[in-house]
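# Close look at the chain arrangement
As a plain string of letters, each chain reads:
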Amino acid sequence: MSESILYFIKFGFRHNPKYLLYSIAVQLINSAAVILGVFMPKFIVDELFVDQNSKNAFMAGAVLVFGSMVLKLLSNAASIAAANEKNELQKSFELYLYRNLATCDYENIESPKFYDLKQKAQNYIGGQWGEFGKQLDLVFSFIGNAFTLLSVVYLLSYLNLVIILCYVLIFIFNNFISSRYKRKSLQLQMDEMPSVIRRKSYYENLTKDVTYAKEIRINHLSEWILNQYRCYMDRFQVTTSKIYRCDFLAKLWLCLSELLKLVVTYGYLIYAAVNQGLSAGLFTMLFHAITTFHVTVNQMIAESMDIARYKAYFAAFYAYVNPPKMSEWGSRAVDLSKGCKIEFCDVSFRYPGQETNVIEHFSATIDANTKVALVGKNGAGKSTVIKLMLGLYTTYEGVIRLNGTDIREYDREQYQKAFSTIFQDYMLYAMSLKENICFGNREPSDETVTEVLEKIGFAKKLSTMEQQLNTQIFKLFDENGVELSGGEGQKIAIARAIHKDAPVCIMDEPTAALDPKAEFELYCRMNEIVGDRTVIYISHRLASAKYCDKIIVIDKGTVLEEGSHRELSGTGGVYAQMYQAQSGLYV
């Protein structure tokens, strides 16, 4: 049994063995029903036309009818039970899958190869139509057909041994030819399909995603997007045509061999009935047995080829749900009793797949309980420094220390809890306002959350919401939900960071969506809002810089200047030039 099948069976036994038991029961019952339909007509025919005993024929008919009915009812009941248990198994599997993906190293998430793995993994999990556990369904069906085939082969022992040998040879030939074409089909699906499907789906989703709706209409992008979609759809159809051609040739050989089997077997039956005194009942049984044999063998060949397809996807699936760990973190506890002093010591870093460093010999110190601004042009490396500080990337040269200890020696979860962060590309969620701020980690009082919102200037907007903190963000699940402006959304992100109350607060472009007046008011209150926490601002708008204890100017991933606003603004350096240029915009 292949590794791909064993994986799902082991998972099933570990999380919901009842699904496996019900599924096997369904196949055994169905197999029994098929054998009953093949075997019982012999007795009915023989009792009617040989022994001429209508009573026994009636009894045999009753056994066939009622037996088939009972088996059908049992099969339906077991199928429903199996479907319910399968839903439970799917829930366990999805929780396992999503937990792995949500906790895997960030470096994996940003890799294009990871998304190609995702497409292949989805084919393993759900097959062509996205049905969970399709591989196990095929395996159970194959097992059921195997039981049926063994029973039918026993009944066919009445046939000439040469005829049975012909069946075996034709079966081997069918498998060989089908496997050959199926391998070609699988190769196309593995090598060409994932990337094409991912890109085709991206352009398809652009037309559905409300986030892009305004730009598409205002800039009349629909034709351009549809042309891109059409391009990848054409590539998809070319590859699909090649796959269909392989499938057609495999089925053509199958049909020709089936025709040969039918000619040989039915010709033999007619010959035996005419020349060897084959009874009408035995003729009927063998006729049904041969038909069942052909159908069962064809199903098993098709199922074995489909199972082989899943086997080809298993390596990609396993790599997807078990992404490699880019680094090992320690287990040391984080002591925050004396604040958080962060040191970058000669750190260099490049993103995976790139040839040049984006951070080059970067050294800087952020003392505990201070306010620091990282400033620089777009692409200078500011956000990358923050990703390294947060432990999202750990494959760098040099050392980053927290309170004198290499951050990789700490327990990662504990370390990251020391930071509350507003990302430049912050996200709002289709949940209540309160859930967007608290994330369900705690159950604070409404007064606590409202107080945070008032501090960052959201009180006026809050007063207009009928459901107050229970107001749904977006209208995705609630027609009474609210659509927030960019500035309002950014205030929610700031409230989220402040509410977490971590000792280090990182604000990446925290006021980019605010108007100048709101930005000025927020920065005036910021020291009061954050208290004695360490605060790190990342911005190329320098309004925040003059409120900070230290300014670190970054260019091309290295430190150009350090000092306070007063110290740097009088030097005529990069910071002074940037500040003077921006000040002129508000004159």
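Now for a description of the structure that goes with this document.

## Section: helix α1 (residues 3–15)
Compared with the 18 Å implied by 1.5 Å per residue over 13 residues, the 18 Å span of α1 between its first and last C-alpha is a close match. Looking only at α1, the buried set comprises S4, I5, Y7, F8, I9, F11 and G12.

## Describing the pairing of strand β7 (residues 504–508)
In terms of residue burial, β7 counts as a mostly covered element, since five of its five residues are buried. Across the two faces of β7 the burial is the same, with V504, I506 and D508 and C505 and M507 all buried. As defined by bridge partners, strand β6 (residues 419–422) adjoins β7 across four bridges and the pair is classed as parallel. By the bridge assignment, I422 is partnered in β7 with M507.

## Considering the pattern of salt bridges
Enumeration over the complete set of coordinates arrives at nine salt bridges. In this structure, the salt-bridge partner of K86 is D137, at a minimum N-O distance of 2.6 Å. Residue K86 is found in helix α3 (residues 54–103), and its partner D137 is found in helix α6 (residues 134–155); the two are separated by 51 residues along the sequence. Between E413 and K417 there is a salt bridge, with the nearest N and O atoms lying 3.7 Å from each other. E413 sits in the exposed class, given a relative accessible area of 53%. What makes K417 exposed here is its relative accessible area of 53%.

## Describing the nonpolar core
With 40 residues, the main nonpolar core has L433, L453 and F458 as its most contacted residues. By residue number, the principal contributor to this core is helix α17 (residues 486–500), which donates six residues.

## Some points on a nonpolar patch on the surface
A cluster of nonpolar side chains, F173, F248, L252, W253 and L256, forms an exposed patch at the surface whose accessible area comes to about 480 Å². Sorting elements by how many residues they give to the nonpolar patch places helix α10 (residues 222–275) first, with four residues. Tracing the backbone shows W253 in helix α10. By relative accessible area, which is 35% here, W253 ends up partly exposed.

## Some details on the sheet that holds β6
Paired through backbone hydrogen bonds, the strands of a sheet run either parallel or antiparallel to each other. Strand order in the open sheet formed by six strands is β6-β7-β8-β3-β9-β10, and the pairing between neighbours is mixed. Single-partner strands in this sheet number two, and they are β6 and β10 (558–563). Between one strand and the next, the sheet's axes are offset by a mean angle of 15°, whatever the strand orientation. Across the face of the sheet, helix α12 (residues 382–389) comes into contact with β3 (371–375), β6, β7, β8 (534–539) and β9 (550–555) while running at roughly 145° to β8. Along the sheet face, α17 touches β6 and β7 and points at about 175° away from the line of β6.

Rules used throughout
Residues numbered from 1 in each chain as written. Predicted model: local features only at pLDDT ≥ 70, side-chain atom pairs only at ≥ 80, totals over all residues. Heavy atoms only, no water. Helix = DSSP H or I, 4+ residues; strand = E, 2+ residues; numbered from the N terminus. Expected span 1.5 Å × (residues − 1). Buried < 20%, exposed > 50% of the residue type's maximum accessible area, 1.4 Å probe, protein only. Pairing = 2+ DSSP bridges. Salt bridge = Lys/Arg side-chain N within 4 Å of Asp/Glu carboxyl O. Core = buried A, V, L, I, M, F, W, Y, C linked by side-chain atoms within 4.5 Å. Patch = residues over 30% accessible without salt bridge, like charges linked within 9 Å, V, L, I, M, F, W, Y side chains within 5 Å. Areas by Shrake-Rupley, 256 points an atom, 1.4 Å probe, with all protein chains shown as cover. Axes fitted to C-alpha atoms, helices over the stretch in contact; angles between N-to-C directions. Contact = heavy atoms within 4.5 Å.

Geometric descriptors of this kind do not, in isolation, establish any biological role.
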